[in-house]
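Spelled out, the chains give:
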Amino acid sequence: MGIGKNTITGETKIPLHIALIMDGNGRWAKKRLLPRSVGHKNGMERMIGLMEHAFDLGVEYMTVYALSTENLRRPKEELEGLFNLIRNHFKEYMGRVCARGVRLRIVGDVSLLPEDVQQILRESEEETAKYEGKGINIALAYGARNEIVQAVNRAIERGEKVTEESFASLLYTAETPDPDLIIRTGKEVRLSNFLLYQAAYAELYFSDKMFPEFSDKELEKAIVEYSARTRRFGKTDEQLETKE
Ligand code: IPE
Ligand code: IPE
Ligand code: MG
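Structural notes, computed from the coordinates. Fair warning: this is a prediction, and the values are worked out from it, not measured in the lab. (Residues numbered from 1 in each chain as written. Chains lettered and ligands numbered in written order. Predicted model: local features only at pLDDT ≥ 70, side-chain atom pairs only at ≥ 80, totals over all residues. Heavy atoms only, no water.)

A few words on the overall build of the protein. Looking only at helices and strands, the protein features eight helices and six strands. In terms of overall dimensions, the protein has a C-alpha envelope of 60 × 55 × 35 Å along the principal axes. Residue pairs at least 24 apart in sequence account for 76% of intrachain contacts in the protein once pairs closer than 6 positions are excluded. Of the roughly 12900 Å² of accessible surface on the protein, 50% is carried by carbon and sulfur atoms. Within the protein, the 39 negative side-chain charges are centred at a point lying 5 Å from the centre of the 36 positive side-chain charges. (Helix = DSSP H or I, 4+ residues; strand = E, 2+ residues; numbered from the N terminus. Contact = heavy atoms within 4.5 Å. Areas by Shrake-Rupley, 256 points an atom, 1.4 Å probe, with all protein chains shown as cover. Lys, Arg positive; Asp, Glu negative; His and termini not counted. Charge placed at Lys NZ, Arg CZ, Asp CG, Glu CD.)

This is the structure in structure tokens:
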């Protein structure tokens, strides 16, 4: 196979941190006349495959949006199905990815989840506490506004004025650099309360694919597009050229 325009080469800039809004599991299942829970199971498996591929390509951090604070208002059966996926598969699946020396962190208000699920998440995090460097954040019961408000309250409790840097260190993602690339699958073009503070200079990429069909190749396509973009951070092209 020749080198197509969507192929990763030695020249491709690989984002250090990819954040992923995994959307479209329900519609993927509905189209196939399957229950939504099957969509979520396929989505979870795809999430693992994508993370493995991303780390193979040289990505060092991934943050994946698995459940929002708003999603907690979904029907009880759907939520139970999602919690059962965590109960039955999370440790094994995450163990597989993290065995490459990746530290797992859960970001979000975990106290909103059932106690036994919290326990599994804590144990999964602890198993990777020995790793430094690469990292995966799974956003569960996560909402960016909630994250920001909690950070503000912590700053007030400490009686300290914040700087941009110190504020970032009060967020759930304190240990992770800002995302370089945010990918959303499932055709919607919005952030749905994801990483609102951290996304300030992220490149955004939207895919029409429903998450279970967002293949490794689709991820490569997103990275190739990211690589071709000019990140100016407010500067002019001339300044970028002279590294001013
Ligand atoms: C994303 O898929 C996963 C979660 C929000 C848990 P959806 O469940 O939102 O799928 P659609 O958007 O209904 O297709
Ligand atoms: C965003 O998807 C949350 C996750 C992917 C976990 P939603 O399906 O909840 O987003 P909206 O409601 O369409 O904005
Ligand atoms: Mg959705």
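There is more to say after this.
Bringing the packing of helix α2 (residues 36-57) against helix α3 (residues 76-98) into the picture now. Any two packed helices are characterised by the angle at which their axes cross and by the distance between the axes. Running from N to C, α2 and α3 point in directions that differ by 25°, and their axes come no closer than 10 Å. As far as their axial angle goes, α3 and α2 are roughly parallel. As α2 packs across α3, the resulting crossing turns out to be right-handed. Touching R36, H40, K41, M44, E45, M47, I48, M51, E52 and F55 of α2 are E78, L82, L85, H89, F90, Y93, M94, R96 and V97, all from α3. (Axes fitted to C-alpha atoms, helices over the stretch in contact; angles between N-to-C directions. Parallel < 35°, antiparallel > 145°, perpendicular 65-115°, else oblique. Left-handed = near helix turned anticlockwise from the far one by under 90°.)

Close contacts around ligand 1 come from M22, D23, G24, N25, G26, R27, R36, H40, A66, N71, R74 and E78, and that covers them all. Backbone polar atom of G24 to an oxygen atom of ligand 1: 3.3 Å apart, as the coordinates give it. At 3.2 Å from an oxygen atom of ligand 1 is found a main-chain nitrogen or oxygen belonging to N25. About the coverage of ligand 1: the protein hides 87% of its 370 Å² of free accessible area. Grouping the amino acids of the shell around ligand 1 by side-chain chemistry returns two nonpolar, five polar and five charged. (Near = heavy atom within 4 Å. Polar contact = N/O pair within 3.5 Å; in protein donor to acceptor, adjacent residues only side chain to side chain. Nonpolar A, V, L, I, M, F, W, Y, C, P; charged D, E, K, R; others polar.)

Our next topic: the site of ligand 2. Surrounding ligand 2, one finds I21, M22, D23, Y65, A66, L67, N71, R74, R184, R190 and S192. For ligand 2, an oxygen atom lies 3.1 Å from a polar atom in the side chain of D23. N71 places a side-chain nitrogen or oxygen 2.8 Å from an oxygen atom of ligand 2. When the residues that make up the shell around ligand 2 are grouped by side-chain class, the tally is five nonpolar, two polar and four charged.

A few words on the pairing of strand β2 (residues 61-65). β2 sits mainly inside the fold: five of its five residues count as buried. Alternating positions in β2 separate into two faces, Y61, T63 and Y65 on one and M62 and V64 on the other, with burial throughout. Both strand β1 (residues 17-21) and β2 contribute to a ladder of five bridges, which runs parallel. In the sheet register, A19 faces β2, and the bridge partner there is T63. With five bridges connecting them, β2 and strand β4 (residues 135-139) associate as parallel partners. The residue of β4 that forms the bridge with Y65 is A139. (Buried < 20%, exposed > 50% of the residue type's maximum accessible area, 1.4 Å probe, protein only. Pairing = 2+ DSSP bridges.)

We now examine the environment of A139. Along the chain, A139 turns up in strand β4. With residues up to four places along the chain from it excluded, the contact list for A139 reads V64, Y65, A66, L67, V107 and F194.

Scanning the entire structure with this criterion turns up 22 salt bridges. A salt bridge links R27 to D23; its shortest N-O distance comes to 3.3 Å. Judged by its relative accessible area of 35%, R27 is partly exposed. (Salt bridge = Lys/Arg side-chain N within 4 Å of Asp/Glu carboxyl O.)

Side chains of V189, L204 and F206 sit close together on the surface and give an oily, nonpolar patch of about 250 Å² of accessible area. Relative to the elements of secondary structure, L204 occurs in strand β6 (residues 203-206). Overall, the relative accessible area of 34% leaves L204 in the partly exposed class. (Patch = residues over 30% accessible without salt bridge, like charges linked within 9 Å, V, L, I, M, F, W, Y side chains within 5 Å.)

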